[in-house]
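Structural characterization, general
The chain contents come next:
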Amino acid sequence: GLLTQAGPPDWHPASPKLKHACRNAAYICKEEYGVDIASLAILFALAQVDIPCTLLGMKSVEEVDRAMELARRFDVGRIAEDSTTEKVLVEVLNVEEKEALSSILDDEYGPFAGVWADGTFQWDGVEIADEHWSKVEGGTEEADLRMRTRTSADEER
């Protein structure tokens, strides 16, 4: 995806400006700090104390192994129950990761400063979803009905 050394696939719905910012962030992490941006992104996501569940997309066994290795840094005994995201990040990030994160999150000079300023740092995917469902026979209503029917039948078994 966006926060990987390889960058997102061509079809990704992010704006060109956001894709460029992510490429710059990946470059800064790797070249200036020796940090893999995908690993940093996983650690950042897992450290969000207000988000009880984080879903990761992985395409290989190696990526699953890496995600497991990163998740093991979150030793529950070291992290207080009332911790903030910032405190968790202090516990789980190494020095280089902390410096890389600080650099790319700099809201004045970091690679994302421009997209944060003009609001192009996110996408909602609604247009892409609408386009997809316009091509599916019966659209979202029929797909939803099929899913509910299949789920009900599964529950009865």
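Residues numbered from 1 in each chain as written. Predicted model: local features only at pLDDT ≥ 70, side-chain atom pairs only at ≥ 80, totals over all residues. Heavy atoms only, no water.

1. Examining the overall build of the protein
What counts is decided by this rule: Where helices and strands are cited, they refer to DSSP runs of H or I of at least four residues and of E of at least two residues respectively, numbered from the N terminus. The globule rule used for comparison is 2.2 Å times the number of residues to the exponent 0.38, while the radius of gyration itself is calculated over C-alpha atoms. Partly exposed residues are those whose accessible area sits between 20% and 50% of the maximum for their type, while under 20% is buried and over 50% is exposed, using a 1.4 Å probe and protein chains only.
Looking only at helices and strands, one finds eight helices and zero strands in the protein. For the protein, the sequential pattern of α-helices and β-strands runs α-α-α-α-α-α-α-α. Taking 2.2 N^0.38 as the reference for a compact globule, 157 residues should give roughly 15 Å; the C-alpha atoms of the protein span a radius of gyration of 19 Å, well beyond that estimate. Dimensions of the protein, computed from C-alpha atoms along their principal axes, come out at roughly 50 × 40 × 30 Å. The buried share of the protein, reckoned over its 157 residues, is 27%.

2. With respect to the packing of helix H2 (residues 37-46) against helix H5 (residues 95-104)
This is how it is decided: Between the N-to-C directions of two axes lies an angle of 0 to 180 degrees, each axis being a line fitted to C-alpha atoms and, for a helix, fitted only over the stretch in contact. To sort the angles, those under 35 degrees are grouped as roughly parallel, those over 145 as roughly antiparallel, those from 65 to 115 as roughly perpendicular, and the leftovers as oblique. For this analysis, residues touch if any pair of their heavy atoms sits within 4.5 Å. Note on residue classes: Ala, Val, Leu, Ile, Met, Phe, Trp, Tyr, Cys and Pro are nonpolar, Asp, Glu, Lys and Arg are charged, and everything else, Gly too, is polar.
At a closest axis distance of 11 Å, the pairing of H2 and H5 adopts a crossing angle of 85°. Classified by the interaxial angle, the pair formed by H2 and H5 is roughly perpendicular. Note on element contacts: H5 touches H2 through Glu97, Ala100, Leu101 and Ile104, opposite Ile37, Leu40, Leu43 and Phe44. The residue inventory of the contact of H2 with H5, partitioned by class, reads seven nonpolar, no polar and one charged.

3. Structural notes on the environment of Val92
As for its position among the elements, Val92 is in helix H4 (residues 85-92). Since its relative accessible area comes to 4%, Val92 is described here as buried. Val92 sits 48 residues away from Phe44 along the chain, and the two C-alpha atoms are 9.4 Å apart.

4. Let's talk about H2
Every buried residue of H2 is listed here: Ile37, Ser39, Leu40, Ile42 and Leu43. Residues of H2 that are buried make contact with helix H1 (16-33), helix H3 (61-71), H4 and H5.

5. Comments concerning H4
Heads up, the rule is: What the arc covers is the set of directions going from the helix axis to the C-beta atoms.
The set of residues buried in H4 consists of Thr85, Val88, Leu89 and Val92. Take H4 and look down its axis: the buried residues cluster within an arc of 100°, on one side only. Those residues of H4 that are exposed and aimed more than 90 degrees away from the buried face are Glu86, Lys87 and Val90. Close packing links the buried residues of H4 with H2 and H5.

6. What about the pattern of salt bridges?
Between side chains of opposite charge, a pair can form as their charged atoms come close. We count it as follows: We define a salt bridge as a contact between a side-chain nitrogen of Lys or Arg and a carboxyl oxygen of Asp or Glu at a distance within 4 Å.
Inspection of every chain in the model, using the stated rule, returns three salt bridges. Note that Lys17 and Asp118 form a salt bridge whose closest N and O atoms lie 2.4 Å from each other. Here Lys17, found in helix H1, pairs with Asp118, found in helix H6 (residues 113-118); they are 101 residues apart in sequence, far enough to count as distant. Overall, Lys17 belongs to the partly exposed group, its relative accessible area being 42%. Notably, a salt bridge pairs Arg66 with Glu69, separated by 2.5 Å at the nearest N-O pair. Highlighted residues: Arg66 and Glu69, both in helix H3, separated by three residues, approximately one helical turn. A relative accessible area of 45% means that Glu69 is categorised as partly exposed.

Remember that the coordinates give geometry; whether it matters functionally is a separate question.
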